[in-house]
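Architecture and fold: a report
The lines below spell out each chain.
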Amino acid sequence: MWRRVALFSPMMKKSSSSRSLTLNQKGFGLKVGESFATEIINPEEGVSPPKEKAPFITFVLGGPGSGKGTQCERIVETFGLTHLSAGDLLRREIAFNTKNGAMILNLIKEGKIVPSEVTVKLIQKELESSDSRKFLIDGFPRTEENRVAFERIIRADPDVVLFFDCPEEEMVKRVLNRNQGRVDDNITTMKKRLKIFEALNRPVIDYYENKGKLYTINAVGTVDDIFQQVLPIFSSFEQLKECRHVNPKSPLGSSLVENSS
Ligand SMILES: Nc1ncnc2c1ncn2[C@@H]1O[C@H](COP(=O)(O)OP(=O)(O)OP(=O)(O)O)[C@@H](O)[C@H]1O
Ligand SMILES: O=c1ccn([C@@H]2O[C@H](COP(=O)(O)O)[C@@H](O)[C@H]2O)c(=O)[nH]1
Ligand SMILES: [Mg+2]
């Protein structure tokens, strides 16, 4: 679906991963990793690359119960991104009793992290089969190993990383009141999840902070209050203004361009 193209030009030498060098092509049947491979084109041979941009990728991070899924729903309504929850993809494997289903269930019950290869392949399948060019990847990467596996297999970097910063006490309260029948919504698993979050997810958050991609949101308050902090982050990205689903109630609704494609 996506193809990364490098040109022989001094301007282009700087970085083949820069967004100004990337373009997308709808190409059903292409594997993300393959289609994102660098291809050399010499402009003197008269090949001019299409002027499409790379997919817009947001990672949504935060502890268990910090409100990631809830805020993702609001972002989808307002900005039309496609929501991919890594946890939901894994729970779907359990529900469909796939070959990894039982292994995933055991890990989720213990609050442990599913092997990167499994999760990244599920995300890759969703990216490849989607027509969308803007994605919210919720609850991933959980570990540095996840992050590196995503870069290796998908060959893409996030444009934005949101971190919903919430005190443990509040997260515990929310999870124990969630009432969605999740096997990990109990105090024993929650304690393990919080430990794993601190030990394994913090380094990922720090990594993106050092890269200048992290937006930290104070995740305490009403859903609306929190979304007010999220709004300006996405409204600053021009490529998101061509929004497929504009919520007329959204404060930005009238300024967004509706696009029915
Ligand atoms: N700002 C908020 N105030 C109070 N409750 C909230 C708030 N945001 C979300 N919730 C509730 O808290 C619970 C957890 O929220 P949500 O599922 O969005 O969290 P999450 O970060 O996706 O959690 P997980 O990592 O476990 O999937 C839900 O029942 C949700 O309705
Ligand atoms: O990338 C991921 C995402 C999730 N998991 C496992 O699933 C549960 C629940 O995830 P939520 O994002 O909270 O829905 C999580 O505790 C992990 O056990 C994972 O391994 N890798
Ligand atoms: Mg969630």
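Keep in mind that what you see is a predicted model, and the values were worked out from it rather than measured.

1. Notes on the pairing of strand 4 (residues 56-62)
Here strand 4 lies mainly inside the structure; 7 of its 7 residues are buried. Side chains Phe56, Thr58, Val60 and Gly62 project from strand 4 onto one buried face, and the interleaved Ile57, Phe59 and Leu61 project onto a second face that is buried too. Summarising the sheet, strand 4 and strand 7 (residues 160-165) pair through 5 bridges and their orientation is parallel. Following the sheet pairing, threonine 58 is matched in strand 7 by valine 160.

2. A look at the UniProt feature "binding site: a ribonucleoside 5'-phosphate" (unreviewed entry) in the chain
The UniProt record marks Arg91, Lys112, Ile113, Val114, Gly139, Phe140, Pro141, Arg142, Arg182 and Arg193 with the feature "binding site: a ribonucleoside 5'-phosphate" (unreviewed entry), using the residue numbering of this structure. With respect to the helices and strands, the residue phenylalanine 140 is situated in the loop between strand 6 (134-138) and helix 7 (144-154). If sequence neighbours within four positions are ignored, phenylalanine 140 has contacts with Phe59, Val60, Leu61, Ala86, Thr119, Val120, Ile123, Asn146 and Phe150. Relative to the helices and strands, arginine 182 resides in the loop between helix 8 (168-176) and helix 9 (187-210). The contact partners of arginine 182, leaving out residues within four places of it in the chain, are Arg91 and Arg193.

3. With respect to the site of ligand 2
Surveying the vicinity of ligand 2 reveals 17 residues, the closest of which are Arg91, Lys112, Val114, Arg142 and Arg193. A distance of 3.2 Å is found between an oxygen atom of ligand 2 and a side-chain nitrogen or oxygen belonging to arginine 182. Arginine 193 is positioned with one of its side-chain polar atoms (N or O) 2.5 Å from an oxygen atom of ligand 2. Against a free-state accessible area of 450 Å², the protein chains account for coverage of 96% of ligand 2. At 4 residues, helix 4 (residues 86-95) tops the list of elements feeding residues into the shell around ligand 2.

4. Looking at helix 10 (residues 223-235)
Because an α-helix completes one turn every 3.6 residues, residues spaced three or four positions apart along the sequence face the same direction. For helix 10, spanning 13 residues, the distance from its first C-alpha to its last is 18 Å, which sits close to the expected 18 Å at 1.5 Å a residue. Glutamine 229 marks the point of greatest bend in helix 10, at about 30°, and the proline proline 232 comes within the next four residues. Looking at the buried side of helix 10, the elements it contacts are strand 4, helix 3 (68-79), strand 6, strand 7, helix 8 and strand 8 (214-218).

5. Some points on the nonpolar core
One broad rule of soluble globular proteins: the nonpolar side chains tend to lie buried together. With 31 residues, the main nonpolar core has Phe59, Leu90, Ile123, Ile137, Phe140, Phe150 and Ile154 as its most contacted residues. At the level of secondary structure, the elements contributing two or more residues to this core comprise strand 4, helix 4, helix 5 (101-109), helix 6 (116-129), strand 6, helix 7, strand 7 and helix 9. In terms of nonpolar packing, the next biggest core, distinct from the first, is built from 25 residues, Leu81, Leu136, Met171 and Met190 among them.

Conventions and cut-offs
Residues numbered from 1 in each chain as written. Chains lettered and ligands numbered in written order. Predicted model: local features only at pLDDT ≥ 70, side-chain atom pairs only at ≥ 80, totals over all residues. Heavy atoms only, no water. Buried < 20%, exposed > 50% of the residue type's maximum accessible area, 1.4 Å probe, protein only. Helix = DSSP H or I, 4+ residues; strand = E, 2+ residues; numbered from the N terminus. Pairing = 2+ DSSP bridges. UniProt positions renumbered as here; feature names shortened; annotations may be inferred. Contact = heavy atoms within 4.5 Å. Near = heavy atom within 4 Å. Polar contact = N/O pair within 3.5 Å; in protein donor to acceptor, adjacent residues only side chain to side chain. Areas by Shrake-Rupley, 256 points an atom, 1.4 Å probe, with all protein chains shown as cover. Expected span 1.5 Å × (residues − 1). Bend = angle between axes of the 7 residues up to and from the residue. Core = buried A, V, L, I, M, F, W, Y, C linked by side-chain atoms within 4.5 Å.

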